[in-house]
Amino acid sequence: MAREYDVIIVGAGMVGALTAVLTAQKGLTVALIDKHSGRYTLSTPPAYDARVSAISKLSQQLLEEAGAWQRIAQDRLAPYHKMAVWDGLGDGYVDFDANYQQAGDLGQLVENAVLCDALMKSVHDTRGIDLYFDDSVAAQRHNEAGVEVDLASDRQLHGAVLIAADGANSQLRQQNGFDTIEWDYGHHAIVTTVEIDQPHENTAWQAFGEEGILAFLPLPSVDGKHYVSIVWSVAPTDAEQLVALEEEAFCKRLTYAINRRFTALSITVPRIAIPLRQRHAKQYVQEGLVLIGDAAHTIHPLAGQGANLGFADVSALVPILVKAHQRGEAIGSLKILRRYQRARMLDNIAMSASMEAFKRLFTTQQPIVVQLRNMGMKLCQSSPMIKRQLVAHAAGVR
């Protein structure tokens, strides 16, 4: 006999785990399924996790509501108060300061593994969540009563709604025939942690130039030494060459790419090259099934908004499900789930389109385009009103 739940979530990463906690806190029963164990082994600084996320104010509030943010040690958080962006092919420069919105900071940098570990602790401490880890969905059947799920372990579950939070290569999205619009960005992102020669000033530094798109993201200092997480987006052949370089040669190339604003001294964790692909599902919902986070949309990492978009999906979906449940409505019905789609699709498409336009604008080396974008950056730098709007958007306080 199938075990009964209100909500079945596939994927226990950041988005899936947060959805499980916030939904269960409101009294719904939740099954959380993941092919992994749900255990995270955290590194010891300065060997920070190579992958980090920039968490906005709104995302932080959600994580606090779930009881996860409070579990993160302060020495694993790096607030950033400023952003500095410049064009390596010209003299265009823009800096943003949290003081424009009296926001305190623009957000916090946190390692993905640290954030996932904190969320998993909240999952374990929240009543109403059953865990099916080291397991996966073998089959699913949708009917008027909801969805039946057969697990690889031969266990059976039944729920009112199935939530696909299983990432960019979502099996549930593919198995259920969701159409997507997608293309390769023609970039790989090299990520690692780097020791630099001077303080990063709690600033997120970003350079665009002939060496690609490069972000230096602040991490906590250790014993007077200073560290950043880098995201270096370059063509695939360049990425292969950069990953293969000896450490000293790589650091020299990195120093050149950041216009020698810092000297890269060493790397503390192995370099990883991640292929970048834009993807957006044409629909987020079917009867009894809903896509959230990277299962629904992925964007270029240059603005660090991927995690925040996923958390915004959670913020929209959970109240819709809870309210419908309290009213005695079928929470897996298209009528209910389309409310979530209407709430999120336009924002996600707008962010996707803006990131694509931004990437195209700053990767071209055509002289007329370079001249125009430098003029635009100078205009932005001289306009307090534009800066306030951009800071509000970056901090998620608009």
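Here the structure is a predicted model, which is why all the values come from computation and not from measurement. Counting restarts for each chain: residues are numbered from 1 in the order of the written sequence. Where totals are concerned, whole chains, interfaces and linings use all residues; where local detail is concerned, this predicted model gives features only for residues with pLDDT of at least 70, and gives and counts side-chain atom pairs only at 80 or more. Side-chain numbers come from the whole structure's heavy atoms, not from hydrogens or water.

1. Quick notes on the environment of threonine 193
Its place among the elements puts threonine 193 in strand β12 (residues 180-196). Here the term buried applies to any residue with accessible area under 20% of the maximum for its type, exposed to any over 50%, and partly exposed to those in between, with areas from a 1.4 Å probe on protein chains only. For threonine 193, a relative accessible area of 0% gives the class buried. The residues touching threonine 193, leaving out its near neighbours within four places in the chain, are Pro46, Tyr48, Asp49, Ala50, Leu219, Tyr227, Val228, Ser266, Ile267, Thr268 and Val269. Polar contact is defined as a pair of N or O atoms within 3.5 Å, subject to the rule that within protein one atom must be able to donate a hydrogen and the other to accept it, and that residues adjacent in sequence are counted only when both atoms are side-chain atoms. A polar side-chain atom of threonine 193 sits 3.3 Å from the main-chain carbonyl oxygen of tyrosine 48. Numbering of helices and strands runs from the N terminus; a helix is a DSSP stretch of H or I covering at least four residues, while a strand is a stretch of E covering at least two. In what follows, a contact means two residues having at least one pair of non-hydrogen atoms within 4.5 Å.

2. Focus: the sheet that holds strand β7 (residues 107-111)
Strands are labelled as partners when DSSP assigns at least two bridges between them. With antiparallel pairing, three strands are arranged side by side in an open sheet as β3-β7-β4. Only two strands of the sheet have a single partner each, and these edge strands are β3 (52-55) and β4 (77-80). With direction set aside, neighbouring strand axes in the sheet form an average angle of 25°. In this structure, β4 lies alongside β7, joined through four bridges in antiparallel fashion. Paired with leucine 77 across the bridge in β7 is valine 110. Axis lines are fitted to C-alpha atoms, over the contacting stretch for helices. Their N-to-C directions set the angle, which ranges from 0 to 180 degrees.

3. Let's talk about the pairing of β12
Inspection of the sheet shows β12 paired to strand β17 (residues 272-281) by nine bridges, in the antiparallel sense. By the bridge assignment, alanine 189 is partnered in β17 with isoleucine 274. Note that β12 and strand β15 (residues 225-234) share nine bridges and pair antiparallel. Note that in β15 the partner of valine 194 across the bridge is valine 228. Bridge count between β12 and strand β16 (residues 264-267): three bridges; the pairing is antiparallel. Counted as the bridge partner of isoleucine 196 is alanine 264 from β16.

4. Here's the deal with helix α3 (residues 112-124)
For α3, with 13 residues, the first-to-last C-alpha span of 18 Å sits near the 18 Å given by 1.5 Å per residue. Buried residues dominate α3, accounting for eleven of its 13 residues. Along α3, the residues that are buried comprise Asn112, Ala113, Val114, Leu115, Cys116, Asp117, Ala118, Leu119, Met120, Ser122 and Val123. Here, expected helix span is obtained from the residue count minus one, scaled by 1.5 Å.

5. Quick notes on the pairing of β3
The side-chain alternation of β3 yields two buried faces, one formed by Val52 and Ala54 and the other by Ser53 and Ile55. Judged from the four bridges that link them, β3 and β7 form a sheet pairing that is antiparallel. Paired with valine 52 across the two strands is glutamate 111, which belongs to β7.

6. Digging into the packing of helix α1 (residues 14-25) against helix α7 (residues 306-326)
α7 packs onto α1 with a crossing angle of 25° between their chain directions and a minimal axis gap of 10 Å. Between α1 and α7, the crossing angle belongs to the class labelled roughly parallel. Regarding α1 and α7, the two cross each other, and that crossing is right-handed. Of the residues in α7, those in contact with Met14, Val15, Leu18, Thr19, Leu22 and Thr23 of α1 are Gly310, Phe311, Val314 and Val318. Each residue gets one label: Ala, Val, Leu, Ile, Met, Phe, Trp, Tyr, Cys and Pro are nonpolar, Asp, Glu, Lys and Arg are charged, and the others, such as Gly, are polar. The residue inventory of the contact of α1 with α7, partitioned by class, reads seven nonpolar, three polar and no charged. Roughly parallel here means an angle under 35 degrees, roughly antiparallel means over 145, roughly perpendicular means 65 to 115, and every remaining angle is called oblique. By definition, turning the near helix anticlockwise from the far helix through less than a right angle yields a left-handed crossing, and turning it clockwise yields a right-handed one.

7. Focus on the packing of α1 against helix α2 (residues 57-65)
It is at 9 Å that the axes of α1 and α2 come closest, and there the two elements cross at 55°. Classed by the angle they form, the pair α1 and α2 counts as oblique. The handedness of the crossing between α1 and α2 comes out as left-handed. Along its contact with α1, which presents Leu18, Leu22 and Gln25, the element α2 presents Leu62, Leu63 and Glu65.

8. Some points on α2
Residues spaced three or four apart along an α-helix point in a common direction, a consequence of the helix completing one turn every 3.6 residues. Where α2 is concerned, the buried positions are Lys57, Ser59, Gln60, Leu62 and Leu63. Looking at the residues trailing α2, positive phi occurs at glycine 67, about 75°.

9. Some details on unusual backbone geometry
Of the consecutive residues proline 45 and proline 46, the connecting peptide bond is found in the cis state with omega at 10°. Note on placement: proline 46 falls in the loop between β2 (30-34) and β3. You will see that glutamate 201, though not glycine, has its phi angle at about 65°, which is positive. Within the secondary structure, glutamate 201 is located in the loop between β12 and β13 (203-209).

10. Notes on the packing of aromatic side chains
Centre distance within 6.5 Å is the pairing criterion for rings of Phe, Tyr and Trp, where only the six-membered ring of Trp is used; planes under 30 degrees apart are then read as stacked, over 60 as edge-to-face, and the remainder as tilted. What the rule picks out here adds up to six aromatic pairs. Both rings, one in phenylalanine 216 and one in phenylalanine 262, keep their centres 5.9 Å apart while their planes meet at 20°; by these two values the pair is stacked. Note that phenylalanine 216 is positioned in strand β14 (residues 212-222) and phenylalanine 262 in the loop between α6 (247-257) and β16, a separation of 46 residues in sequence. In terms of burial, phenylalanine 216 and phenylalanine 262 fall into one category: buried. Measuring from centroid to centroid gives 5.8 Å for tryptophan 232 and phenylalanine 250, while their planes differ by 55°, and the two rings are tilted. Placement of tryptophan 232 in strand β15 and of phenylalanine 250 in helix α6 is noted, with a sequence separation of 18 residues between them. Given a relative accessible area of 0%, tryptophan 232 falls into the buried group. A relative accessible area of 0% places phenylalanine 250 in the buried class. Ring pairs connect the aromatic residues Trp205, Phe216 and Phe262, which therefore count as one cluster.

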